[in-house]
Amino acid sequence: MRTTRTAPARPVLTAALIAGSLLLTTPAPAGADTDPVTREGPALDDRPAKSPASAARQALTAPVPDLSDDFADEAHRGYPREQILTPDPVNPADKSIKLGLTPYHAIAPKLNALQRLGDRVSVEIAGRSAGGHRLYLVTVTAPETARQAREQSRLRELIENTPAVAAKDPAVKAAYKTPVFLNNNIHGNEWEGTDASLELIERLATANDARTADLLAHSRLYFNITANPDGRIAGTRANANGFDLNRDFVTASQPEARAMRQIMVDKQPAVMLDLHGYVNGTLIEPTTPPHGENYEYDLFLKNTYANALGMEAAVNGLGYTPEKDGVEPAQIPFRDQDEGWDDWPPIFTPQYAAFHGTVAAHTVEIPLRVNNTDYNTLPVSELRRRSAINVDVAGATLDATLDFVQRQRTSLVADQIEVFRRGAAGAAQVPVSEETVPGVPGIGPEDVYTTTFPRAYVIPAGDAQRSLTAAARLVDHLIANDVRVSRAAHPFRLDGRWYAKGSYVVDMRQPKRGLANALLADGRDISDKVSVMYDISGWSLGRLWGATVESVQGLSHVTLRPVREATPVGYVAPRGDLRLRLDDPREVAALNSLLQQGVRVRQAADGSVVVPGSARRQAAAAARAYDVAFDATRITGGTPLTRVRVAAAVTPGELFALREMNFEVTPVSTAVLNAGFDWSTVDVLFVSAGLDHDDLNAAARTALDAFLDGHGLVGRGSDGATLNAAAGLLPVKAVEGNGDANGVVRVVNSGGKVTAGAPDHGFVYAPVWFTDLGPGVRVEQSYATGNPLVSGHWRPLADGTGGSAAAAGRPSVVSGPHAVLFGTEPLFRAHPRGEFPQVGRALFTMATM
């Protein structure tokens with residue numbers, strides 16, 4: 001679920017106007033969250049990570065199957081595409097069982113049985129989870145011959161690639177099947193969507209009525225049965241890596257998010273539901289402001305609100321009441337709340353889907369809570385009563401959505417075409433208003449969010465200030481998101497600057513320009529727009545992923561050639577010693593692979609490393625494996641580096657990022673240290689979450705202090721700074737900013753080993769800065785002067801403290817002989833990849849003190 005601070009309802013709902021002020025009341029219904037928060041990041045991200053290294057390896061290496069019709073082999077080009085699934089071993093510990101729901105091990109046999117019911121149900125494997133479990137994509141549609149399936153593929157491509165033509169093509173209107181994506185269980189301990197979908201599939205597979213026949217003749221229904229099998233089995237919100245998958249769509253660090261992304265790219269849904277829990281009454285999007293500025297929001301709001309009304313009627317029509325069942329009437333945030341449940345960041349499934357042409361997309365929060373404390377304290381009978389109601393409610397939203405699709409099929413596809421047409425033509429967005437979106441009440445200026453798209457983005461080739469590895473990785477990520485990228489055949493000049501041959505260009509006149517801009521643009525400072533945000537408010541691959549990205553306003557006389565993947569940059573100079581930059585996580589990973597092989601490496605004053613020419617063979621293997629460049633160098637001297645073993649009390653995203661950089665990591669926490677920990681197995685300690693010096697027992701505190709007496713600490717945020725103060729390592733005072741603040745900030749790097757060559761932007765989440773610097777403290781990085789916030793939400797606290805102005809010019813990263821402290825979030829949710837090397841360099845520095 002997405003929990004939110006209770007916000008006042010819009011005036012269209014029940015309210016009493018008393019003494020000139022709007023008095024609003026919000027009930028506290030049974031089964032609802034009793035202590036709502038504005039965002040769930042801290043609740044999840046502040047727990048010390050302890051996921052196994054195998055889950056990280058699976059996430060980093062799991063392939064993404066191509067699910068397009070063109071990729072199917074000749075024998076399976078039509079529908080149905082049936083296969084016999086090998087059952088999983090029975091797992092009596094599956095947390096679904098207690099709720100009377102379908103355990104993961106029962107899904108494969110169930111899908112086998114559903115396929116045997118007729119010729120409407122197909123099952124494909126969309127990938128594997130971080131824990132290695134299969135991800136099942138079920139397609140329900142009327143049978144298609146191979147020729148008919150190819151025609152559907154042709155029409156789908158026509159809609160995206162030549163939308164102006166598709167808008168006039170009678171075959172689209174007459175024959176194209178509306179794609180619908182029904183996503184379940186992305187949060188593992190929000191179970192019931194899976195069971196509602198399985199019940200619906202069975203009903204559709206066997207129904208003989210005219211309505212069902214018509215629906216399946218004109219639609220393809222795609223069910224992601226469980227998006228998070230790891231969490232479903234374990235009863236956890238997160239997957240096996242500890243990741244909230246409904247925060248991962250910009251980054252796509254996890255295989256489950258990549259699988260969902262591929263479904264959206266290959267199937268191009270016009271409508272989607274993401275079934276969650278638990279908000280009572282059932283919460284059905286569209287959302288409150290602020291609204292993502294890169295959408296064609298008029299088309300999105302029109303359809304999403306209309307479908308929400310139908311789902312609301314279906315849910316309320318089930319007859320559940322607060323008095324009898326503890327179920328409150330459904331709610332629609334756009335209509336019923338002022339703020340606190342927004343669709344600003346594209347990290348959530350429905351918001352990400354909108355950029356792939358989905359014109360009606362919803363998070364649906366079913367009502368009665370059965371997870372967390374309730375799971376462990378309520379009687380089984382009560383849990384099963386609640387789960388049964390939740391399955392019923394989820395089923396009502398599914399049925400209502402299919403009714404909506406059946407009624408609005410033609411207009412839904414036409415609106416999807418219009419989304420792509422506007423992008424391809426470079427047309428202006430249409431601001432929402434009562435005139436442009438008739439039938440949606442309460443639209444006001446607070447709902448109007450649009451942007452000005454640049455003509456193109458350029459990712460320069462041959463940028464001496466940035467890693468070519470970072471540029472190649474960014475290009476491949478864009479392409480994986482179905483953003484079109486080209487490469488210049490000749491040098492060119494735009495906006496007064498020359499760009500080298502081979503520079504990458506993202507022409508913003510493309511169908512999915514909204515997604516391209518959401519990924520690459522700086523974003524916006526919306527601190528003054530709303531008082532509270534649900535989750536993060538700023539992100540930018542252009543600023544945070546380490547490659548140079550420049551917007552341009554013209555794109556004439558440039559010869560461009562489309563690319564399907566970035567050109568490899570792996571290189572090893574043929575003679576002499578070798579220099580490896582440490583400006584990208586892949587370069588850090590390559591360095592760690594060399595150190596693990598015993599290669600003698602030296603770190604130069606600028607933070608880069610020198611590899612002896614005698615290790616050219618090992619360097620060549622690393623260059624191929626990590627796509628990094630080893631240039632020739634004449635640098636002499638430097639600090640010898642050795643293999644670094646890290647004890648890490650960190651968040652799941654940070655643990656994953658450390659493993660991505662090939663560090664040998666042992667997760668620790670207060671509990672682990674109190675149980676007894678062998679400090680001889682590690683070289684450096686990294687702390688950001690879950691290690692409290694005051695909560696250590698005497699033996700654990702003595703052992704930790706003894707370790708820190710001869711080894712270094714890397715600390716991040718308030719927890720890292722608190723441990724530093726308790727251990728007396730670095731004489732500084734840490735100042736905490738507004739805990740709700742987050743976003744992209746401007747920073748100034750000092751050029752030391754930790755931040756040399758680092759991007760001039762960083763990411764913050766509950767930002768920290770440092771004052772009262774004592775002897776021996778070096779400022780590695782500072783927040784920029786003025787207002788350092790580029791995009792995001794960072795307000796002062798009620799007493800005027802904690803805002804971005806208070807942080808301006810203050811140190812954000814400091815170091816000394818025994819510690820490096822970060823006030824920024826350089827590894828946040830494994831996202832700001834251009835910042836990763838700062839932590840890598842800090843760990844090397846502290847491990848060689």
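Use the structure listed above.
Thresholds, definitions, all that
- Residues numbered from 1 in each chain as written.
- Predicted model: local features only at pLDDT ≥ 70, side-chain atom pairs only at ≥ 80, totals over all residues.
- Heavy atoms only, no water.
- Buried < 20%, exposed > 50% of the residue type's maximum accessible area, 1.4 Å probe, protein only.
- Helix = DSSP H or I, 4+ residues; strand = E, 2+ residues; numbered from the N terminus.
- Pairing = 2+ DSSP bridges.
- Contact = heavy atoms within 4.5 Å.
- Axes fitted to C-alpha atoms, helices over the stretch in contact; angles between N-to-C directions.
- Core = buried A, V, L, I, M, F, W, Y, C linked by side-chain atoms within 4.5 Å.

S.K.: When you look at the pairing of strand β34 (residues 789-793) in this model, what are you seeing that I'm missing?
M.R.: For β34, the buried fraction is high: five of the five residues fall into the buried class. With four bridges connecting them, strand β30 (residues 742-749) and β34 associate as antiparallel partners. From the neighbouring strand, Gly743 faces β34, where its bridge partner is Gly792.

S.K.: Looking at this structure, how should I read the environment of Ala308?
M.R.: Take Ala308: it is sitting in helix α11 (residues 297-316). Judged by relative accessible area, which is 0%, Ala308 ranks as buried. As a C-alpha pair, Ala308 and Ala361 span 53 residues in sequence and 9.5 Å in three-dimensional space. Apart from the residues within four sequence positions on either side, Ala308 is in contact with Ile284, Glu285, Pro286, Ile332 and His362.

S.K.: Which parts of the structure should I look at to understand the sheet that holds strand β17 (residues 550-552)?
M.R.: Across a sheet, paired strands are connected by hydrogen bonds in the backbone, their directions being either parallel or antiparallel. Taken in spatial order, the five strands make up an open sheet running β17-β12-β16-β13-β18, and their pairing is antiparallel. Every interior strand has two partners, whereas the edge strands, β17 and β18 (560-562), have only one. If you compare each strand with its neighbour and ignore which way they point, the axes differ by 35 degrees on average. As defined by bridge partners, strand β12 (residues 456-459) adjoins β17 across three bridges and the pair is classed as antiparallel. What sits directly across from Tyr457, in β17, is Ser551. Contacting β12 and β16 (504-507), helix α17 (residues 468-480) crosses the sheet at an angle of about 145 degrees to β12.

S.K.: Quick question: what am I supposed to make of the nonpolar core here?
M.R.: Note that soluble globular proteins tend to have their nonpolar side chains buried in a common cluster. By size, the foremost hydrophobic cluster in this structure holds 145 residues, and its most contacted members are Leu111 and Phe223. Per-element accounting of this core gives the leading share, 16 residues, to helix α16 (residues 380-425). Setting aside residues no more than four positions away along its own chain, Phe223 makes contact with Tyr136, Leu137, Val138, Val140, Leu182, Ser197, Leu200, Ile201 and Leu204. If you look at the next biggest cluster of nonpolar residues, it comprises 51 residues, including Val611, Val628, Val665 and Val714.

S.K.: What should I look at first to understand unusual backbone geometry in this one?
M.R.: Leave glycine aside and you will find that most residues have negative phi; peptide bonds, for their part, are mostly trans. Along the chain, Asn280 connects to Gly281 via a cis peptide bond; the corresponding omega equals 5 degrees. Relative to the assigned elements, Gly281 resides in the loop between β7 (271-277) and β8 (283-284). Between Pro289 and Pro290 the backbone carries a cis peptide bond, its omega angle lying at -5 degrees. Summarising the element assignment, Pro290 is placed in strand β9 (residues 288-291). At Gln268, a position not held by glycine, the phi torsion is positive, near 55 degrees. Relative to the elements of secondary structure, Gln268 occurs in the loop between α10 (255-267) and β7.

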